[in-house]
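Below are the chains, spelled out letter by letter.
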Amino acid sequence: MSEGLATRCVHAGEIDDAHGSPHTPIYNTTTFKFPSTADLLDVVEGRKPGSLYTRYGLNPTIQALEAKLASLEGAEMAWAFCSGMAAEAALFFAHGRNGIVCLGDAYGGTLELLGSQVGMLGIRTHLLQASELDIAESRIQEGCGLVFLETPSNPTLEVQDIRAVADICHRHGALLAVDNTFASPVNQQPLALGADFVVHSATKFLGGHSDITAGVLAGRKELVAPVWNWRKNLGSMIAPETAALLSRSLRTLVVRVERQNRTAQAVAEAMARHGKVARVFYPGLPDYAGHQLAKAQMQGYGGMLTIEVTGGGEAATRAADRLRLFALAPSLGGAESLVTQPCTTTHHGLSPDERARRGISDAMLRLSVGLEDAADLIADLNQALA
Ligand code: PLP
């Protein structure tokens with residue numbers, strides 16, 4: 001861990017193969033053979049490390065990726081998954097059985113899983129606003145064992161104090177998981193701030209090219225190791241080809257995210273001056289509510305921002321439909337800029353009342369800033385809003 005993040009992005013976890021490849025090759029096999037039953041049992045019974053069966057994660061391409069991911073998050077251990085939701089589900093099953101608090105805004109799929117599905121299995125869930133820390137503390141005191149939060153959040157870029165929430169959790173024996181998807185390890189290290197788990201939709205900035213679906217869970221070994229069996233038996237393993245693509249993407253993570261930080265800042269500043277924009281949600285703007293906290297706990301403000309256009313939901317839809325460089329698509333973190341109206345996509349599954357309670361208006365457009373020139377993106381927004 002003494003090397004810098006950009007160095008670890010390139011080198012961490014990579015394993016040599018017999019032919020001297022600089023990157024871990026793709027072991028595109030489902031199973032691995034052994035010279036004898038005794039050798040096989042050494043791996044099956046955990047006496048020796050080794051490759052065994054890809055769905056278990058015992059595949060060198062996947063293990064190399066996981067070593068890189070653990071290094072980037074400053075974690076003892078990381079598991080890769082076939083999606084961000086698969087990582088969340090395995091975490092909830094493994095560590096959420098005594099109840100889960102979701103604090104603040106989160107991705108709509110997370111809210112749906114916790115709000116209407118996990119409860120069917122008899123697990124108590126509490127979806128609270130970020131300001132309801134006192135209620136969260138009461139739920140934890142009643143025995144709720146896992147707190148989940150996303151910062152900056154989806155889609156209002158709300159910033160929560162990771163260290164303060166971790167302190168409350170730990171005072172009462174609960175664990176804190178932070179969805180670090182919007183920030184990436186370039187901009188924020190939740191484990192160093194006291195969180196117990198980091199979760200990612202690696203589909204976003206980690207993957208970075210809108211061409212893979214993957215997830216990550218990282219943290220201390222004693223906490224992450226028990227999730228292995230859940231991943232194994234839920235069958236939510238990443239494919240070796242996807243693992244290799246994700247490793248490829250991680251090598252350029254720092255250059256991509258630092259550029260996205262700069263471009264998003266320029267776009268946010270231009271939108272803050274725009275007459276047709278009522279509000280800009282971006283932690284890098286000095287007058288933004290979460291700015292001071294973001295400045296203290298983040299190294300960069302990220303490539304995501306949300307604007308609220310004047311004229312309501314229909315005006316927002318018209319602007320989204322007129323954008324040319326920003327593609328109308330419900331994802332984020334890729335090389336290409338994307339726009340989405342949360343009420344039609346990411347938060348469409350929530351009732352209008354629930355969206356209103358969370359401050360998610362129909363007039364919001366969430367922008368994922370890609371790797372294009374800032375001036376071209378601003379010009380595109382100007383023509384769409386004109
Ligand atoms: N977390 C955040 C912040 C997201 O934006 C998403 C998806 O958009 C997820 C988790 C779920 O990830 P995936 O789509 O890879 O399952």
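Procedures and definitions
Residues numbered from 1 in each chain as written. Predicted model: local features only at pLDDT ≥ 70, side-chain atom pairs only at ≥ 80, totals over all residues. Heavy atoms only, no water. Salt bridge = Lys/Arg side-chain N within 4 Å of Asp/Glu carboxyl O. Domains from an automatic or database assignment. Buried area = accessible area lost by both parts, 1.4 Å probe. Pairing = 2+ DSSP bridges. Helix = DSSP H or I, 4+ residues; strand = E, 2+ residues; numbered from the N terminus. Axes fitted to C-alpha atoms, helices over the stretch in contact; angles between N-to-C directions. 1 Å grid on protein atoms, 1.4 Å probe; cavity = no way out; pocket = protein on both sides within 12 Å on 5 of 7 lines; lining within 4 Å. Points joined across faces, edges and corners; volume = space filled by probe spheres on them. Nonpolar A, V, L, I, M, F, W, Y, C, P; charged D, E, K, R; others polar. Patch = residues over 30% accessible without salt bridge, like charges linked within 9 Å, V, L, I, M, F, W, Y side chains within 5 Å. Areas by Shrake-Rupley, 256 points an atom, 1.4 Å probe, with all protein chains shown as cover. Buried < 20%, exposed > 50% of the residue type's maximum accessible area, 1.4 Å probe, protein only. Core = buried A, V, L, I, M, F, W, Y, C linked by side-chain atoms within 4.5 Å. Contact = heavy atoms within 4.5 Å. Right-handed = clockwise from strand over helix to strand, strands pointing away.

Caption draft 1: Representation of the pattern of salt bridges in the model. Under the defined criterion, the tally for this structure stands at 15 salt bridges. A salt bridge links Glu142 to Arg139, with the shortest nitrogen-to-oxygen separation between them at 3.1 Å. In this structure, Arg358 and Glu354 form a salt bridge, with 2.8 Å as the shortest nitrogen-oxygen distance. Taken together, the salt bridges that share partners define one network made up of Asp42, Glu45, Arg47 and Lys48.

Caption draft 2: A look at the domain arrangement of the protein. Taken domain by domain, the protein comprises domain 1 (5–250) and domain 2 (253–385). Measuring from the centre of the C-alpha atoms in domain 1 to the corresponding centre in domain 2 gives 26 Å. Here domain 1 and domain 2 share an interface that buries about 3300 Å² over both sides, 59% of which is from carbon and sulfur atoms. It is Pro155, Asn187 and Phe205 in domain 1 that bury the most area against domain 2; as a group they hold 22% of the surface buried on that side. Applying the counting criterion to the domain 1 and domain 2 interface returns one salt bridge.

Caption draft 3: Region of the structure containing the sheet that holds strand 2 (residues 100–103). Spatially, seven strands are ordered 1-7-6-5-4-2-3 in an open sheet, and the strand pairing comes out mixed. Every interior strand has two partners, whereas the edge strands, strand 1 (77–81) and strand 3 (125–128), have only one. For this sheet, the mean inter-axis angle between neighbouring strands, taken without regard to orientation, is 20°. Pairing analysis gives four bridges linking strand 2 to strand 4 (residues 146–150), with the strands arranged parallel. The partner of Cys102 across the bridge, within strand 4, is Phe148.

Caption draft 4: Seen up close, the layout of surface pockets. By volume, the largest pocket is sized at about 340 Å³. Considering the residues around the largest pocket, the lining is formed by 13 residues, among which Val43, Gly46, Lys48, Leu58 and Trp228 are closest to the centre. When the residues that make up the lining of the largest pocket are grouped by side-chain class, the tally is eight nonpolar, three polar and two charged. Size it by volume and the second largest pocket reaches roughly 280 Å³. Considering the residues around the second largest pocket, the lining is formed by 20 residues, among which Met85, Tyr107, Asn154, Ser201 and Lys204 are closest to the centre. A per-element tally of the lining of the second largest pocket places helix 4 (residues 84–95) first, with three residues. Across the lining of the second largest pocket, the residue classes tally to five nonpolar, 10 polar and five charged.

Caption draft 5: View of a nonpolar patch on the surface. On the surface, a nonpolar cluster with roughly 210 Å² of combined accessible area is contributed by Leu40, Leu41 and Val44. Counting through the fold element by element, Leu40 comes out in helix 2 (residues 37–44). The class for Leu40 is partly exposed, based on a relative accessible area of 33%.

Caption draft 6: Up close: the nonpolar core. In terms of nonpolar packing, the biggest core is built from 69 residues, with Ile238, Leu246, Met271, Val280, Leu305 and Ile307 touching the most fellow members. In terms of residue count, helix 12 (residues 253–272) provides more of this core than any other element does, eight residues in total. Each of domain 1 (5–250) and domain 2 (253–385) contributes no fewer than three residues to this core. Apart from the residues lying within four places of it in its own chain, the contact partners of Ile307 are Met271, Val277, Arg279, Val280, Ala363, Met364, Leu365 and Leu367. Judged by nonpolar contacts, the second largest core, of 30 residues, contains Ala87, Phe92, Ile100 and Leu350.

Caption draft 7: Spatial organisation of the sheet that holds strand 9 (residues 304–309). Spatially, five strands are ordered 8-9-12-11-10 in an open sheet, and the strand pairing comes out mixed. Strands at the two margins of the open sheet, each flanked by one partner only, are strand 8 (277–281) and strand 10 (327–328). By the bridge criterion, five bridges tie strand 9 to strand 12 (residues 364–368) in an arrangement that is antiparallel. By the bridge assignment for strand 12, Leu305 is matched with Leu367.

Caption draft 8: Examining the pairing of strand 5 (residues 175–179) more closely. Within strand 5, five of the five residues are buried, which leaves the element mostly enclosed by the surrounding structure. Along strand 5, one buried face is formed by Leu175, Ala177 and Asp179 and the opposite face, lined by Leu176 and Val178, is buried too. In the sheet, strand 4 pairs with strand 5 via five bridges, with the strands oriented parallel. By the bridge assignment for strand 5, Phe148 is matched with Ala177. The parallel pair strand 4 and strand 5, bridged by helix 7 (residues 162–171), forms a crossover whose chirality is right-handed. Here three bridges tie strand 5 to strand 6 (residues 197–201), and the two strands are oriented parallel to one another. Bridge pairing links Asp179 to Val199 in strand 6.

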